[in-house]
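Structure at a glance
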Amino acid sequence: MRLEENTVLITGGSMGIGYSLAKAFLEKGNTIIICGRREDRLRAVQEKHPEIHIKVCDVANDEDRRSLVSWATDKFPDLNVLINNAGIQHNINFNHGAEDLINGPNEIETNVVAPVYLTAY
């Protein structure tokens, strides 16, 4: 993969590994798009790096995923790299049965389903 002249979409790009990847790809001269659930964090990144494009999106929500893909491909027709970085983890105590799994944030939707669908879309 060439590391320059790409248009890169990074999910979960407002902090942590996603943000570090965004900065590294930006330094190589790429067009960077990041998405995340929290607009305040996305805007904070954009304040530091005005050339980074942002989109509020919860990848666990299929409507948000479809909207993201539609927006990104319309606005950035040269989009050629997707980095499925968004992920969540919470404590699940299986001594409670499926209760913790069902009642908390949906890890399976975010960590497994979303990357598959975003790649397919």
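Below is a short write-up of the structure. (Residues numbered from 1 in each chain as written. Predicted model: local features only at pLDDT ≥ 70, side-chain atom pairs only at ≥ 80, totals over all residues. Heavy atoms only, no water.)

Concerning the overall build of the protein
Summing up its helical and strand segments, the protein has 5 helices and 4 strands in all. Counting from the amino terminus, the protein carries its helices and strands in the arrangement β-α-β-α-β-α-β-α-α. Structurally, the protein occupies a C-alpha span of about 50 × 30 × 25 Å along its principal axes. Looking at the protein as a whole, 35% of its 121 residues qualify as buried. Residue pairs at least 24 apart in sequence account for 54% of intrachain contacts in the protein once pairs closer than 6 positions are excluded. With the model as given, the accessible surface of the protein reaches about 7,400 Å², and the carbon-plus-sulfur share is 49%. Within the protein, one finds 12 positive and 17 negative side-chain charges whose respective centroids are separated by 4 Å. (Helix = DSSP H or I, 4+ residues; strand = E, 2+ residues; numbered from the N terminus. Buried < 20%, exposed > 50% of the residue type's maximum accessible area, 1.4 Å probe, protein only. Contact = heavy atoms within 4.5 Å. Areas by Shrake-Rupley, 256 points an atom, 1.4 Å probe, with all protein chains shown as cover. Lys, Arg positive; Asp, Glu negative; His and termini not counted. Charge placed at Lys NZ, Arg CZ, Asp CG, Glu CD.)

Examining the pattern of salt bridges
Enumeration over the complete set of coordinates arrives at 5 salt bridges. The shortest N-O distance in the salt bridge between arginine 66 and aspartate 62 comes to 2.8 Å. Of this pair, arginine 66 and aspartate 62 both sit in helix α3 (residues 62–75), separated by 4 residues, roughly a single helical turn. On the basis of relative accessible area, aspartate 62 is assigned to the partly exposed category, the value being 26%. The partner of glutamate 109 in a salt bridge is arginine 65, and the shortest N-O contact between them spans 3.1 Å. Taken as a pair, glutamate 109 in helix α5 (residues 107–120) and arginine 65 in helix α3 lie far apart in primary sequence, 44 residues in all. (Salt bridge = Lys/Arg side-chain N within 4 Å of Asp/Glu carboxyl O.)

Re α5
End to end, α5 covers 19 Å across 14 residues, agreeing with the expected 20 Å (1.5 Å per residue, within 8%). Of all bends in α5, the biggest is about 40°, found at valine 113, and the proline proline 115 comes one to four residues later. Regarding α5, the residues found buried are Glu107, Thr110, Ala114, Pro115 and Leu118. In this fold, the buried residues of α5 make contact with β1 (7–11), α3 and β4 (81–83). (Expected span 1.5 Å × (residues − 1). Bend = angle between axes of the 7 residues up to and from the residue.)

Some remarks on the packing of α3 against α5
Direction vectors running N to C along α3 and α5 enclose 35°, while the axes themselves pass 11 Å from each other. When the axes of α3 and α5 are compared, the crossing they make is right-handed. Between α3, through Arg65, Leu68 and Val69, and α5, the contact on the second element is made entirely by Glu109, Val113, Ala114, Tyr117 and Leu118. (Axes fitted to C-alpha atoms, helices over the stretch in contact; angles between N-to-C directions. Left-handed = near helix turned anticlockwise from the far one by under 90°.)

Structural notes on the sheet that holds strand β2 (residues 31–36)
A sheet is described by the order of its strands in space; here 4 strands give the open sequence β3-β2-β1-β4, paired in parallel fashion. With partners counted over all chains shown, the strands left at the sheet margins are β3 (53–56) and β4, one partner each. Between one strand axis and the next, the sheet turns through 20° on average, direction left out of account. Looking at chain direction, β1 and β4 are connected through 3 bridges and run parallel. (Pairing = 2+ DSSP bridges.)

Any functional reading would require information that these geometric values do not contain.
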